[in-house]
Amino acid sequence: MFSRERLQALRYNLIPDHLIGEILSKRWTDNAIPFLVLVAVVATFGTAIPGFFNPFSLQESTRQLGEFTIVVIGLTVVMLGGGIDLSVGSIFALSTFASVACFFVLNLPVGVALGAALATGAAFGAINGYLVGYLRLRAFLTTLVTFIIGRAVFDILVTQFGAQIQMSFASSDAWDFIGDGTTLGLSIPVISALVLAIITHIVLTRARIGWHILAVGGSRRSAHNAGIKVRRTVFFTYVFSGLCSGFAGFLIATRLSGAGPGTGAGLEILALTAAVVGGNALGGGRGSVVKGVMGAVIVLVMTNGLIRLGFGTGTNQMVLGIMLAVAVTIDIRWMKNRHKVLNEVYVAPVYLKMGVSQSAEPQSGTPFALNNRLAEASHIGLGELEGPEDVILDEDDHLYCGTRHGEIMRYFAPDYTRSEVFAHVGGFPLGLAFDRHGNLISCIGAMGLYQIAPDRTVTRLSAETRRSLSSVQDDARLRDPNDLDIAPDGKIYFTDSTKRYDAHEWTLDSIENRGTGRLLVYDPADGSTKTLLDGYRYTNGVCIAHDGKSLFFAESWACRIHRYWLEGPKAGTAECVIKDMPGYTDNINRASDGSYWMAWLGMRTPSFDLSLRHPDMRKRMTRRLPQDDWLFPNINTGGIVKFDDDCQILQTFADLSGEAHPMVTSMREHKGELFIGGILNNRIGRYKIEGANPEWTGMRSYWGAQA
């Protein structure tokens with residue numbers, strides 16, 4: 001029989017409830033509702049209407065779908081740019097008339113008829129674009145006016161020239177093929193719509209003009225401040241929409257070989273409904289061509305299906321109105337409340353029962369008993385620094401550290417009173433290490449692995465690894481690269497603390513306490529980055545062992561140290577070598593006597609340990625309380641631990657006064673002194689180590705006399 005705690009652990013650790021939040025956080029989930037509606041509509045009418053999937057019926061329907069989709073694609077681009085185009089129906093009708101007039105009345109070639117249709121669409125699109133983009137008139141009213149005028153002009157022209165078009169004997173094999181022919185079983189309108197959709201999608205997602213359109217649709221003021229030519233961008237969206245309507249008008253002209261009073265009637269409502277039902281935002285800046293295509297299929301299948309079932313025009317209009325109202329409501333409510341939904345479901349804590357630890361209380365007699373030694377440390381850069389998470393020294397004794405402002409500072413030996421910005425790299429530089437050539441390598445939070453050469457040239461080494469096939473979240477991206485070390489062969493081993501949260505969201509990761517940390521390796525020989533180990537609770541410090549055959553890495557929230565073997569019979573495997581410590585483990589570095597220094601960024605508390613056994617409590621806490629009232633791991637007081645190659649604890653150091661270095665995330669031994677960093681500190685500590693080798697440096701330990 002399982003105990004109650006055991007059943008609780010199985011419940012929270014095996015049920016992947018975090019997947020709900022991950023799925024909802026993905027942008028492609030916006031396509032889920034229109035896709036499900038598409039499947040439901042096709043299935044419903046396919047079942048209700050005999051012969052719905054008949055090849056001849058499908059071929060005729062797809063010709064109409066191709067023409068309609070082209071119009072919807074043009075309108076979608078306008079909407080993505082923050083506009084709306086109610087004139088697509090009249091542009092479509094006028095372009096149709098221009099085509100048939102050129103071909104049947106003027107007896108001009110098919111190419112000229114196509115050019116006339118495109119010119120008509122481009123002209124009306126340019127008028128809309130100029131009025132809305134450059135004169136900054138209201139898009140709704142402006143395109144409504146051009147719709148009315150365009151429709152009136154079309155009715156006049158059809159009335160005057162309709163008889164000549166009907167009585168014409170003009171013919172052309174090319175005209176007939178475009179209207180009725182197929183290639184590889186597909187009609188020309190379908191092929192044209194597919195090609196246009198692919199090209200438009202690529203332009204919107206990969207080209208500068210596409211990014212500009214989305215930026216303008218998202219916020220015209222911000223786009224203007226970013227240097228984007230907003231008016232010109234808006235102008236071109238309307239020209240593109242006009243061209244699409246013009247091309248679609250040419251295609252229907254070849255299919256019907258005529259134009260009548262009903263040509264394009266109601267098309268603007270159909271196209272607008274399709275674009276919105278597909279999931280494109282009326283407010284602009286959010287959507288895609290794929291959504292427009294899905295919406296076009298939904299609307300056309302539904303309208304044609306209702307007609308074939310015997311329902312009249314009134315029913316069709318009512319259904320379209322309901323669909324449009326529902327789509328707009330879902331779009332507005334989802335955009336307004338999406339972050340609230342994600343806040344409710346994304347953080348999914350798991351059960352963890354921490355092991356009983358030996359006491360760290362002063363004078364407790366345990367190997368972890370803290371003392372007040374670090375209170376004797378002096379300060380470097382007091383008040384000048386913010387967040388020196390890691391520190392390192394070169395062979396000239398100069399001191400380097402990162403800051404939360406994205407800079408790597410250099411303090412000059414021997415007194416470390418003079419300083420300079422060695423490099424500005426952005427992000428938050430965390431772990432640091434020198435390679436054999438004197439290049440400074442840094443893990444930069446939310447950015448990746450970077451190299452700063454001696455001449456201060458900054459180079460990105462890695463920002464991603466191979467994505468897991470089973471992962472909903474994009475775990476290829478390095479979200480929280482933390483610490484690193486370099487092996488004798490030049491390979492860089494580093495940790496990515498969590499795959500679910502960015503570096504500044506470490507509090508959420510600690511409360512969730514899910515194993516999403518990993519150990520990776522970057523190989524400079526081929527530039528590849530591979531994941532070696534996965535499934536750890538906030539992987540942190542990394543240190544290559546003195547013999548170069550293994551490395552140690554920290555698992556912070558589990559308060560453990562692991563050893564990963566690089567060589568020997570255990571190569572490629574890891575084992576826990578120190579567990580159930582009273583503090584949260586952080587950076588690990590070599591010591592001069594063959595042992596290792598390890599930072600405790602904070603100390604365990606009974607209250608937080610207890611909360612880890614109650615995931616429901618932590619879940620309710622994140623949903624109902626402001627973040628200032630959450631229960632966090634204690635990272636205000638920590639210390640330093642020294643352990644040997646057999647993973648036995650040798651010494652501990654702390655600042656019990658809380659005035660010198662209460663918070664420790666890293667430490668480096670250099671020529672008999674210990675230099676101490678802390679991510680919440682405004683200084684670097686400098687502590688004289690009793691009995692340490694005054695000539696030992698980290699550079700020589702790694703790279704020998706050449707350093």
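Calculation criteria
Residues numbered from 1 in each chain as written. Predicted model: local features only at pLDDT ≥ 70, side-chain atom pairs only at ≥ 80, totals over all residues. Heavy atoms only, no water. Helix = DSSP H or I, 4+ residues; strand = E, 2+ residues; numbered from the N terminus. Buried < 20%, exposed > 50% of the residue type's maximum accessible area, 1.4 Å probe, protein only. Areas by Shrake-Rupley, 256 points an atom, 1.4 Å probe, with all protein chains shown as cover. Lys, Arg positive; Asp, Glu negative; His and termini not counted. Salt bridge = Lys/Arg side-chain N within 4 Å of Asp/Glu carboxyl O. Polar contact = N/O pair within 3.5 Å; in protein donor to acceptor, adjacent residues only side chain to side chain. Contact = heavy atoms within 4.5 Å. Arc of directions from axis to C-beta. Pairing = 2+ DSSP bridges. Axes fitted to C-alpha atoms, helices over the stretch in contact; angles between N-to-C directions. Core = buried A, V, L, I, M, F, W, Y, C linked by side-chain atoms within 4.5 Å. Phe/Tyr/Trp six-rings, centres within 6.5 Å; stacked < 30°, edge-to-face > 60°. Lys NZ or Arg CZ within 6 Å of the ring centre and 35° of its normal.

Just checking my understanding: could you explain the overall build of the chain for this structure?
Along its length, the chain carries 19 helices and 26 strands. Taking the principal axes of the C-alpha coordinates as reference, the chain spans close to 110 × 65 × 50 Å. Within the chain, buried positions represent 54% of all 707 residues. If you sum the accessible surface of the chain, you get close to 30,900 Å²; carbon and sulfur atoms cover 59% of it.

Whenever I open this one, the side chain of D85 confuses me. Can you help?
Examined against the element boundaries, D85 turns out to sit in the loop between α4 (55–80) and α5 (88–105). The buried charged residue D85 lacks any salt bridge partner; its closest oppositely charged side chain belongs to R220, at an N-O distance of 12 Å. Of note is the side chain of D85, whose polar atom sits 2.5 Å from the side chain of S87. In terms of polar contacts, D85 uses its side chain to reach the side chain of S241, at 3.1 Å. Setting aside chain neighbours within four positions, we find D85 in contact with L75, V78, N128, T143, Y238 and S241.

Explain helix α8 (residues 173–180) to me, please; I cannot follow it from the model alone.
A turn of α-helix holds 3.6 residues, and therefore any two residues three or four places apart point the same way. For α8, the full list of buried residues reads W175, I178 and G179. Across the axial projection of α8, the buried residues extend over an arc of 95°, all falling on one side. You can read the cap of α8 off the contacts: a side-chain oxygen lies 3.3 Å from the backbone nitrogen of A174, and it is on S172.

How should the pattern of salt bridges be read in this particular structure?
Oppositely charged side chains can form a pair if their charged atoms are brought close together. Within this structure, the stated rule accounts for 19 salt bridges. For R477, the salt bridge is made with D502, and the minimal N-O distance between the two is 3.8 Å. Residue R477 is found in the loop between β11 (458–462) and β12 (481–486), and its partner D502 is found in the loop between β13 (492–496) and α16 (506–512); the two are separated by 25 residues along the sequence. For D502, a relative accessible area of 18% translates into the label buried. Note that R479 and D502 form a salt bridge whose closest N and O atoms lie 3.1 Å from each other. Linking R479 in the loop between β11 and β12 with D502 in the loop between β13 and α16, this pair joins segments that are 23 residues apart in sequence. Several salt bridges converge on common partners, so that one network encompasses R410, E420 and R456.

Is there a simple way to explain unusual backbone geometry in this structure?
Trans peptide bonds make up the majority, and among non-glycine residues the majority have a negative phi. Between A413 and P414 the backbone carries a cis peptide bond, its omega angle lying at 0°. By the element assignment, P414 lies in the loop between β6 (407–411) and β7 (419–424). Backbone geometry places Y416, a non-glycine residue, at a positive phi of 60°. Considering the arrangement of structural elements, one finds Y416 in the loop between β6 and β7. By relative accessible area, which is 5% here, Y416 ends up buried.

What exactly am I supposed to notice about the sheet that holds strand β17 (residues 550–555) here?
Taken in spatial order, the 4 strands of this open sheet run β16-β17-β18-β19, and their pairing is antiparallel. At either end of the open sheet lies a strand with only one pairing partner, and these are β16 (539–544) and β19 (574–578). Mean inter-strand twist for the sheet, computed between neighbouring axes without regard to direction, equals 30°.

Is there a simple way to think about the nonpolar core in this case?
A general feature of soluble globular proteins is that nonpolar side chains tend to end up buried together. Judged by nonpolar contacts, the single largest core of 80 residues is most densely connected at F68, W175 and F250. The element best represented in this core is α5, accounting for 12 residues. Excluding residues that lie within four positions of it along the chain, F250 makes contacts with S99, V110, A113, L114, A117, W175 and I178. Counting residues in hydrophobic clusters, the runner-up holds 31 residues, among them A545, L601, L612 and M663.

Explain the pairing of β13 here, please?
On a regular strand, one side chain projects to one face of the sheet and the next to the other, so that they alternate. For β13, the tally of buried residues reaches 5 of 5 residues, placing the bulk of the element in the interior. The alternating pattern of β13 places I492, F494 and D496 on one face and Y493 and T495 on the opposite face, and all of these are buried. Bridge count for β12 against β13 is 4 bridges, and the pairing is antiparallel. By the bridge assignment, P481 is partnered in β13 with D496. Joining the antiparallel neighbours β12 and β13 is a turn of 5 residues, in which G490 adopts a positive phi near 90°. Inspection of the sheet shows β13 paired to strand β14 (residues 517–523) by 5 bridges, in the antiparallel sense. The residue bridging D496 from the neighbouring strand is R518, located in β14.

So what exactly am I meant to see when it comes to the side chain of T120 here?
Mapped onto the elements, T120 comes out in helix α6 (residues 110–134). Residue T120 is classed as buried on the basis of its relative accessible area, which comes to 18%. Setting aside anything within four residues of it in sequence, one finds T120 in contact with L94, S95 and A98.

How should I be thinking about the pairing of strand β15 (residues 528–536) in this particular structure?
Direction of pairing for β14 relative to β15: antiparallel, over a ladder of 7 bridges. In the sheet register, L519 faces β15, and the bridge partner there is L533. The turn joining β14 and β15, which pair antiparallel and follow one another in sequence, is formed by 4 residues; a positive phi near 75° is taken by G527.

Sorry if this is basic, but what is going on with the sheet that holds strand β23 (residues 649–653) here?
Whenever strands of a sheet pair, they do so through backbone hydrogen bonds, lying parallel or antiparallel. Spatial strand order, β20-β21-β22-β23: 4 strands in an open sheet with antiparallel pairing. The open sheet has two edge strands with one neighbour each: β20 (583–590) and β23. Between one strand axis and the next, the sheet turns through 25° on average, direction left out of account. For β20 and strand β21 (residues 596–603), the ladder comprises 6 bridges, and the chain directions are antiparallel. Residue pairing in the sheet places R590 in a bridge with Y596 of β21.

Just to check I follow, could you spell out helix α18 (residues 615–624) for this structure?
Taken residue by residue, α18 has P615, R618, M621 and T622 as its buried positions. Each buried residue of α18 lies within a common arc of 120° when the element is viewed along its axis, so the set occupies one face.

Where do I start with the packing of aromatic side chains in this structure?
Each aromatic ring pair is summarised here by two numbers: the centre-to-centre distance and the angle between the ring planes. Overall, the coordinates contain 24 aromatic pairs when judged by the stated rule. Geometrically, the ring pair formed by Y416 and F675 is edge-to-face, given 5.7 Å between the ring centres and 75° between the ring planes. With a gap of 259 residues between them, Y416 in the loop between β6 and β7 and F675 in strand β25 (residues 673–677) connect regions that are remote in the sequence. According to the relative accessible area criterion, F675 is buried, its value standing at 0%. Both rings, one in Y538 and one in W557, keep their centres 5.0 Å apart while their planes meet at 35°; by these two values the pair is tilted. Of the two residues, Y538 is situated in the loop between β15 and β16 and W557 in the loop between β17 and β18 (560–565); the sequence distance between them amounts to 19 residues. Neither residue differs from the other here; Y538 and W557 are each classed as buried. Here the aromatic residues F103, F104, W175 and F250 are joined through ring pairs into a cluster of three or more. Across the ring face of F653, the terminal group of R373 is positioned such that the distance to the ring centre comes to 4.9 Å. The ring of Y702 is capped by R590, whose NZ or CZ atom sits 3.7 Å from the centre of that ring.

Would you mind showing me how to read the environment of S192 here?
By the secondary structure assignment, S192 is in helix α9 (residues 188–206). Setting aside residues up to four positions removed in sequence, S192 forms contacts with I70 and F247.

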